[in-house]
Amino acid sequence: MEKMTRVSGTVSGCTMFCHLDAPANAISVCRDATQVVVAGRNIFKIYGLEEDGFVERLNLRVGRKPSLNFSCADVMWHQMEENLLATAATNGAVVTWNLARPCRNKQEQLFTEHKRTVNKVCFHPTEVNMLLSGSQDGFMKCFDLRKKESVSTFSGQSESVRDVQFSIKDYFTFAASFENGNVQLWDIRRPDRYERMFTAHTGPVFCCDWHPEDRGWLATGGRDKMVKVWDMSTNRVKEIYCVQTIASVARVKWRPERRYHLATCSMMVDHNIYVWDVRRPFIPFATFEEHKDVTTGIVWRHQHDPYFLLSGSKDSTLYQHMFKDASRPVDRANPEGLCFGLFGDLAFAAKESLMSAPQSVGDVGRKTYPGGDRRYPIFFFKKPDVTEQFAQVSSALSVFESEAGSSVGMDWFINTAQSYLLSGKPFAELCEHNAQVAKRLNRPQESTTWTMLRIMFSEPANPSLSSNHNLNKSGNLPLVNSVAFDHKTFTFTLFLAARKSLQTVYEDVFLCAENEETEGSEGQAEYLFGDAELDDDDLYSMEHDNQAEEPEYLLPQEAFPLRHEIMDHPSAPEPVQEKPESPHVSGSEAESTCLTPMESFSLISVSQLLFSPHLPPKFFCPIVKEMLCYYAEQGDVQMAVSVLIVLGDRIRKEIDELTQEHWYMSYIDLLQRFELWNVSNEVIKLSTCGAIMCLNQTSTTLHINCSNCKRPMSNKGWICDRCHQCASVCAVCHHVVKGLFVWCQGCSHGGHLEHVMEWLKQSKHCPAGCGHLCEYT
Amino acid sequence: LRYCYRSFSGQLIIGAMPLNDSTVMFLDEEFSGRMDNLTQVMGLHPHYLQAFLRCHYYLLRMDGPLPLHYRHYIAIMAAARHQCSTLVCQHVQEFEQIGVCSDWLRGLEFCPQRLRNLNEINKILAHRPWLITKQHIQALVKTGEHSWSLAELVHAVVLLAHFHALASFVFGSGVNPDPEVTEVNGVTDDICPPAMAGLCTCHLTNSNQGNRNPLRNPDTGSELEALMERMKRLLEEREDDDASEEEMFTRFEKEKKESLLVVSAGFDEEVVPPSPVARFVDDPSFGYQDFARHGEDNPPTFKAQDYTWEDHGFSLVNRLYSDIGHLLDDKFRTACDLTYYNMASHEGVDTSMLRRALFNYVHCMYGIRYDDYDYGEVNQLLERNLKVYIKTVTCYPERTTRRMYESYWHQFRHSEKVHVNLLLMEARMQAELLYALRAITHYMT
């Protein structure tokens, strides 16, 4: 046997790892922190911890035949006796190993008293010969290593034992955690019943660990993804800390010399090892991210050294992690938070240092969220704790409330939802109506869109006869004008300088029409994008400059609005934002009022008639599709869905099912949030997606009880299985009602729909003669 | 009016039916509004029925990653693998009630590619779950037009396993299609004609001659006694049974191998007649093959302790499809712990050993081994007829006959045999889930 190297005093080393031959299930370290034992189904080895790497010292799996006694679920190295190890085998055996045995087989004792897998073994911290085991069969057994059999058996009276741990401070006490979520405290001298029991988790408690210093602190980890710290020193067990992790907790180990720190690893999915400060439960203090499969065993290398952590994993590696190499998630965390409330309120938390310039912050707040008011500045202060190694972050939380009726509110949404017509009229009328609605609610862009849709998809015979007149009028009008959009909070001035005659306008239009064939229809989408940004005055001021500088590009602009929905933009370099304004201008020029889309569109129809009077509606589909996507992207899913429904088959094929479904879902969700049940139901009904339509079929069952025996009716609506009586008899004809049953909610009499209707023509009283004045609506 | 419902147990159950249990009634009412035959048979064990229905309706009706019609269609696909027309009819009907995409019901080729992609894991899970690998998962999840999200996939996998197992139960206890189902439906008529319904009824009709009164049979008394005797002996022996490792290993291998020989009589690779259900089946020739085949490289044994339902399966499934873990956990636990401390006419018997033998034997056939279980017990406790029944019900339930059902445990009550079926169903479902979830875990790491 090799001579063990002793590192006296401090341990030293670096982050290092070695490959094992097989996945590890558990690891344990000897008291002087020089060797580590790794145990798993197919591995049982001892590694020496050298300065620069792991060195295999001993393979304990000897013999030709594979024995299940070697298939370890857990392993523990004795903390008093450096040659003594114990393992828990998956077949229910508890085995002790003595490294001092002269032969190759180091197995010393074999206890096969458990009937099921043994999950955990634990040596007594101070008593040399005492070993405790906990098994799947629900029993814990205490062994005296000088005897061949267990000295006492503890029955948890419940399901499997997942972990057993001797208390470090109390000689006689041990804790056991169970699959049903309970933790029990036992006195080793009293095998008849537990001292205490409490429910720690929902679902199995996979692990527990006593605090090395604080008497009575016990940490438990469970399948419910929680780590909890319990204070047992009081009469009632009290939960003092709780850490929520992202996966079920497989192991938990207190960090030596750091009162509030503990390390955890998870059972599934998450491969990292976290070190938590239990007082800061929302973000791990440190993370080790080396493993590529779940970590199955963690142990601090030395019981008084907080800087070395050893871990074994299913990925067949054994790691030594240095604390200084750990990643600190807190450094990468974003200390700012922002959240919108349902009614347009906004909460914003940021580092105090950032908030300290109050003037500028206030300004920003007001400007970004008009109508907002920094009414409740709330400051959180936390007393700095010297033992806490977390960076001190104190944040200020501000809440900006929106004023009632301001633009941040969602009134427009509700109004629009209620006023829009989605079906029941000819297409053109629907569009017309919706355009009016949008206009009334000061949403010119949407209004314009509806009008355009009407024109695009209506029959080409529709254009009004007055259009020629309008065209002439607008074409000959003076070309410089300024328009005030009183529905906006700002005013802008637009200069139009068009010097050409109507004839040249026509020519331009003609040219552009040729262009459209070669360039596709992207320009249309640009138009729409531009319109949406109307609110941004910065952009406008920029535009004005552009226009002033490049007047020669303006003429095409005027041409576009005339028939913008059918033609492409000849790659002119001016900003896209300009285009939308042009129709408004021409409209207002025509009527000398603020915009009237009708007029401008009659212009369009004329230009349509001029060269291609029979453009098929299909031609616009790509444009409309892009427009819908644009609206949805902008967050106005209402518009997207409404247009989708109104257009129906005209556009549906163009947009893929999933997107449509997504829009519908979002819109329905919004509607339901605003409690617009009727609208939401209408939308569901009108939708053409399978997944949406079936929303209406959930929770449509109506449960009825038999009127005689008050039991629920099982299979048929009219006859009770139990009392064999016909439950629903018509009060008029006294026959069983098998179809529509109508009844008064006041006296609960009723019957066939038609019978009751007839009856009520003659009488106001209940047909059953109960004297109630029935109301059927 | 239905006075009786049809199952192997026939009218015998009526008297024993604990249908006055109002909670169960309400639970069922709440969800389906009617009691089908299946529920009534399961209603023999109301405690279990409650857990079952909760899980069943959560899978089919409550919040989940998959849309409702997908769920029923997957149910149809799963049940069709075992030609279980009862379940297929039921879900065809439910699918129609949803009222969308009804052309999917014309067959697999009419449903979207995305669903058709499930065929592969459907058939593997149904017949040879040990073959499922992370490549299968990868193929479904990899980004593309027809890809599945992991959450959707987990939902689908749970549905598949649930309905495969349910098919086992339906055939195992001879649940017949509801008469109403075939009466009421208009469109489904071509799928569930009365003749098809006969697929299950036939057991009942063609084996009337075997309907002897079990209590009068003189042999059977000793049979029960013998079983109880063996259980008692095993319990005593356990204390001083020092079977070596190899011994334990060979016992497992022996059980595994022997399960090959346990084949229902007269079974050769018969071609299943084309039935209306067949339109939902892809590659119908893919059937059960024994886990351990002679002279071939067998897949490695699944070590139960390395991937357990409680630790790993639960964590994964609950992460991707919230709450289903708890419901499944509850269902497994209820099925495994269910006992009335009765064996036939004897009372106060601890049946845990027998229940564990049944459960582990199913897992054994699927190649799942528990290190801490002595497979010698299986051999002692489960007689050959029972093994034949178990193997048929779990591996190819469509071949179950009434004769098989009657050929074991003559003295036991029907409710006890239904209990056996519940155990088989849950064991099978867990085995399938373990294999599937392990593959998903491998894919994720």
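Residues numbered from 1 in each chain as written. Chains lettered and ligands numbered in written order. Predicted model: local features only at pLDDT ≥ 70, side-chain atom pairs only at ≥ 80, totals over all residues. Heavy atoms only, no water.

By the naming in an unreviewed UniProt entry, chain B is Sestrin 3, taken from Cyprinus carpio. According to UniProt, the comment filed for chain B under the heading Catalytic activity (unreviewed entry) is "a hydroperoxide + L-cysteinyl-[protein] = S-hydroxy-L-cysteinyl-[protein] + an alcohol". UniProt, in its Subcellular location (unreviewed entry) section for chain B, records the words "Cytoplasm". (UniProt positions renumbered as here; feature names shortened; annotations may be inferred.)

The name an unreviewed UniProt entry assigns to chain A is GATOR2 complex protein WDR24, from the organism Cyprinus carpio. For chain A, the Pathway (unreviewed entry) comment in UniProt is given as "Protein modification; protein ubiquitination." Within the UniProt record for chain A, the comment given under Catalytic activity (unreviewed entry) is "S-ubiquitinyl-[E2 ubiquitin-conjugating enzyme]-L-cysteine + [acceptor protein]-L-lysine = [E2 ubiquitin-conjugating enzyme]-L-cysteine + N(6)-ubiquitinyl-[acceptor protein]-L-lysine."

1. What about the overall build of chain B?
Check the secondary structure of chain B and you find 21 helices and four strands. Looking at chain B residue by residue over its 445 residues, the buried ones come to 60%. By sequence separation, contacts in chain B at least 24 residues apart represent 78% of the contacts at least 6 residues apart. (Helix = DSSP H or I, 4+ residues; strand = E, 2+ residues; numbered from the N terminus. Buried < 20%, exposed > 50% of the residue type's maximum accessible area, 1.4 Å probe, protein only. Contact = heavy atoms within 4.5 Å.)

2. Points about the sheet that holds strand β2 (residues 26–29) of chain A
Residue and element names in this part refer to chain A. Here four strands make up an open sheet; going across it, the order is β2-β3-β4-β5 and the pairing antiparallel. Looking along the sheet, the strands with just one partner apiece sit at the ends: β2 and β5 (54–59). Strand-to-strand, the axes of this sheet are offset by a mean angle of 25 degrees, without reference to chain direction. As judged from the five bridges shared by strand β4 (residues 44–49) and β5, these two strands associate in the antiparallel manner. The residue bridging Leu49 from the neighbouring strand is Phe54, located in β5. (Pairing = 2+ DSSP bridges. Axes fitted to C-alpha atoms, helices over the stretch in contact; angles between N-to-C directions.)

3. What to know about helix α4 (residues 46–61) of chain B
Residue and element names in this part refer to chain B. The terminal C-alpha atoms of α4, which comprises 16 residues, lie 21 Å apart, in line with the 22 Å expected from a rise of 1.5 Å per residue. Counting buried residues along α4, 12 of its 16 residues qualify, which places the element largely inside the surrounding structure. If you check which residues of α4 are buried, you get Pro46, Tyr48, Leu49, Ala51, Phe52, Leu53, Cys55, His56, Tyr57, Tyr58, Leu59 and Leu60. (Expected span 1.5 Å × (residues − 1).)

4. Some remarks on the pairing of strand β26 (residues 295–302) of chain A
Residue and element names in this part refer to chain A. β26 sits mainly inside the fold: eight of its eight residues count as buried. In this sheet, strand β27 (residues 305–313) lies alongside β26 in antiparallel orientation, the contact comprising six bridges. In the strand pairing of β27, Thr295 is matched with Ser313. The loop that links β26 with its antiparallel partner β27 comprises two residues.

5. Describing the confidence of the model for chain B
All names here are of chain B. Counting all residues, the mean pLDDT for chain B is 74, and 73% of those residues have values of 70 or more. Here helix α12 (residues 194–206) is the element of chain B with the lowest mean pLDDT, 35, and helix α10 (residues 150–172) is the one with the highest, 90. The model gives residues 1–7 a pLDDT under 50, and that stretch makes 30 contacts with residues more than four places away or in other chains. Low confidence marks residues 264–271, where pLDDT is under 50. Its contacts with residues over four positions away, or in another chain, come to seven contacts. Predicted complex metrics record ipTM = 0.73 and pTM = 0.63. (pLDDT = per-residue confidence, 0-100.)

6. Observations regarding helix α5 (residues 427–440) of chain A
Residues and elements named next belong to chain A. In this model, α5 (14 residues) spans 20 Å end to end at C-alpha, consistent with the 20 Å of a helix rising 1.5 Å per residue. In this fold, the buried residues of α5 make contact with α4 (411–419), α6 (444–457), α15 (637–647) and α16 (649–652). After α5 finishes, the residue Asn442 shows a positive phi value of roughly 60 degrees.

7. A look at the sheet that holds strand β21 (residues 238–244) of chain A
Residue and element names in this part refer to chain A. Across the sheet, which stays open at both edges, the four strands sit in the order β18-β19-β20-β21 with antiparallel pairing between neighbours. Every interior strand has two partners, whereas the edge strands, β18 (205–210) and β21, have only one. Direction aside, neighbouring strands of the sheet carry axes that sit 20 degrees apart on average. In this sheet, strand β20 (residues 226–231) lies alongside strand β19 (residues 217–222) in antiparallel orientation, the contact comprising five bridges. Looking at β20, one finds that Gly221 is bridged to Val227.

8. Points about the environment of Asp345 of chain A
Residues and elements named next belong to chain A. Mapped onto the elements, Asp345 comes out in the loop between β29 (337–340) and β30 (346–351). Residue classification places Asp345 among the partly exposed positions, given a relative accessible area of 26%. Along the backbone, Asp345 and Glu401 are 56 residues apart, and their C-alpha atoms lie at a distance of 4.5 Å.

9. Quick notes on the side chain of Thr90 of chain A
Mapped onto the fold, Thr90 of chain A is located in the loop between β7 (84–89) and β8 (94–98). Taking relative accessible area as the criterion, Thr90 of chain A reaches 3% and is therefore assigned buried. Polar side-chain contacts of Thr90 of chain A include one of 2.4 Å to the side chain of Asp371 of chain B. (Polar contact = N/O pair within 3.5 Å; in protein donor to acceptor, adjacent residues only side chain to side chain.)

10. Some remarks on a nonpolar patch on the surface
All names here are of chain A. On the surface, Leu740, Leu753 and Met757 cluster together to form a nonpolar patch covering roughly 310 Å² of accessible area. By secondary structure assignment, the location of Leu753 is in helix α20 (residues 753–762). Under the relative-accessibility criterion, Leu753 is labelled partly exposed at 34%. (Patch = residues over 30% accessible without salt bridge, like charges linked within 9 Å, V, L, I, M, F, W, Y side chains within 5 Å. Areas by Shrake-Rupley, 256 points an atom, 1.4 Å probe, with all protein chains shown as cover. Salt bridge = Lys/Arg side-chain N within 4 Å of Asp/Glu carboxyl O.)

11. Notes on the packing of α10 of chain B against helix α21 (residues 414–444) of chain B
Residues and elements named next belong to chain B. One way to put it is that α10 packs onto α21 with a least axis distance of 9 Å and a crossing angle of 155 degrees. As judged from the angle between their axes, α10 and α21 are roughly antiparallel. For the pair α10 and α21, the sense of crossing is right-handed. Of the residues belonging to the contact of α10 with α21, the class tally is 19 nonpolar, five polar and two charged. (Parallel < 35°, antiparallel > 145°, perpendicular 65-115°, else oblique. Left-handed = near helix turned anticlockwise from the far one by under 90°. Nonpolar A, V, L, I, M, F, W, Y, C, P; charged D, E, K, R; others polar.)

12. Overview of the pattern of salt bridges
Residues and elements named next belong to chain A. On inspection of all chains with the given rule, the structure shows 33 salt bridges over all chains. Here Glu432 ties to Arg454 by a salt bridge, and the two come within 3.6 Å at their closest N and O atoms. Highlighted residues: Glu432 in helix α5 and Arg454 in helix α6, separated in sequence by 22 residues. In this structure, the salt-bridge partner of Asp669 is Arg673, at a minimum N-O distance of 3.9 Å. Taken together, the positions of Asp669 and Arg673, both in helix α17 (residues 657–673) and four residues apart, correspond to about one turn of that helix. Judged by its relative accessible area of 40%, Asp669 is partly exposed. Among the ionic contacts, a cluster of salt bridges with common partners joins Asp74, Lys120, Asp163 and Arg251.

13. Observations regarding the packing of aromatic side chains
To describe a pair of aromatic rings, one takes the distance between the centres and the angle between the planes. Residue and element names in this part refer to chain A. Taken as a whole and judged by the stated rule, the model has 38 aromatic pairs over all chains. Taken together, a centroid distance of 5.8 Å and an interplanar angle of 45 degrees make the contact between Tyr274 and Trp276 tilted. By the burial criterion, Tyr274 is buried, and Trp276 matches it. Cluster of aromatic residues (ring-pair linked, three or more members): Phe154, Phe166, Phe174, Trp186 and Tyr194. (Phe/Tyr/Trp six-rings, centres within 6.5 Å; stacked < 30°, edge-to-face > 60°.)

14. Digging into unusual backbone geometry
The general pattern is negative phi for most residues beyond glycine and trans for most peptide bonds. At Lys225 of chain A, a residue that is not glycine, the phi angle is positive and equals roughly 70 degrees. The phi torsion at Asp323 of chain B lies on the positive side, around 75 degrees, for a residue other than glycine. Within the secondary structure, Asp323 of chain B is located in the loop between α15 (309–320) and α16 (324–337). For Asp323 of chain B, a relative accessible area of 42% gives the class partly exposed.

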